[in-house]
Amino acid sequence: MPIVVNLDVMMAKRKISSGELAERIGITPANLSILKTGKAKAIRFSTLERLCEELSCQPGDLLEYRDEA
Amino acid sequence: MKWNSLRSLQLSILLVRVLFVLILILMCCVPVMVHWYDLDGGSRVGLVQGSVYWPLCICLYLTAVCGEVCLFRLGKLLQNIRAEHVFIPENCTHLRIISWCCLLASIPFGIFGIWRFLSFVVALAALFFGIILRVVKNVFEAAVSLQEENDYTI
């Protein structure tokens, strides 16, 4: 998929662990792992909103479009 | 005793197992049954006249194999449903194999129609079941895809 989730980069910048972030935004560590590894098919606005809030960033910092062609 | 979906499922599993064993027993009796039929029973209208002993034996054994494969896969499918694994790719495979078995079972009966025209009706029925199951399989595949998308929406 040409949409890349840069969650791990943002987490490293904010120095926050997966478990802590999952707890703060109210999702399971397994779901956060799906998001981090790029296996997710879609992301809810509510999840994105909580991620941006906790990581103090913009949606564009987390999601990136890469042309595969 | 109150009837619910779990009991219904258990009944389906039981019926599948009983039929599986019944077909196994009937497979042992095929030569005797075909001999009776050949001597006396059934419509004798067909392109080729005379004894149908070997054509019917071969036809019944081939379809019995298809039937056993169908029932085995049906049992697996029901077990998955009981374990609440409904929309999974494995179930699509089961349905695809069952559908192909029905389609394949129509071939021996279609060929046996040369000896007995009535056999074409059975072949057509098997073909019809096969096509219906194929459509069900297609619907299941779409459902699996939707389920996957739902599961991977965070």
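Rules and cut-offs
- Residues numbered from 1 in each chain as written.
- Chains lettered and ligands numbered in written order.
- Predicted model: local features only at pLDDT ≥ 70, side-chain atom pairs only at ≥ 80, totals over all residues.
- Heavy atoms only, no water.
- Helix = DSSP H or I, 4+ residues; strand = E, 2+ residues; numbered from the N terminus.
- Rg over C-alpha atoms; globule rule 2.2 N^0.38 Å.
- Contact = heavy atoms within 4.5 Å.
- Areas by Shrake-Rupley, 256 points an atom, 1.4 Å probe, with all protein chains shown as cover.
- Lys, Arg positive; Asp, Glu negative; His and termini not counted.
- Charge placed at Lys NZ, Arg CZ, Asp CG, Glu CD.
- Buried < 20%, exposed > 50% of the residue type's maximum accessible area, 1.4 Å probe, protein only.
- Arc of directions from axis to C-beta.
- Patch = residues over 30% accessible without salt bridge, like charges linked within 9 Å, V, L, I, M, F, W, Y side chains within 5 Å.
- Salt bridge = Lys/Arg side-chain N within 4 Å of Asp/Glu carboxyl O.

Draft legend 1. Geometry of the overall build of chain A. A tally of regular secondary structure across chain A gives five helices and two strands. Taken from the N to the C terminus, the helices and strands of chain A come in the order β-α-α-α-α-α-β. What you see for chain A is a C-alpha radius of gyration of 11 Å, in line with the 11 Å of a compact globule of 69 residues. Along the longest, intermediate and shortest principal axes, the C-alpha atoms of chain A span 35 × 20 × 20 Å. Pairs at least 24 apart in sequence give 64% of the contacts found in chain A among residues at least 6 apart. When the accessible surface of chain A is totalled, it reaches about 4,500 Å², and 52% of it is carbon and sulfur. Computing the positive centroid from 10 side-chain charges and the negative centroid from 10, chain A places the two 4 Å apart.

Draft legend 2. Up close: helix α3 (residues 29-36) of chain A. Residue and element names in this part refer to chain A. Among the residues of α3, those classed as buried are L32, I34 and L35. Buried positions in α3, seen along its axis, are confined to an arc of 155° and lie on one side of it. On its buried face, α3 sits against β1 (3-5), α1 (7-14), α2 (18-25) and α4 (45-55). Phi for G38, located one or two positions after α3, is positive at around 75°.

Draft legend 3. Structural context of a nonpolar patch on the surface. All names here are of chain B. Together, V45, L47, V48, W100, L104, I107, I111, I114, F117 and F120 make up an exposed nonpolar region whose accessible area comes to about 920 Å². The greatest single-element share of the nonpolar patch, amounting to four residues, is contributed by helix α3 (residues 89-112). Along the chain, W100 turns up in helix α3. We classify W100 as partly exposed; its relative accessible area is 45%.

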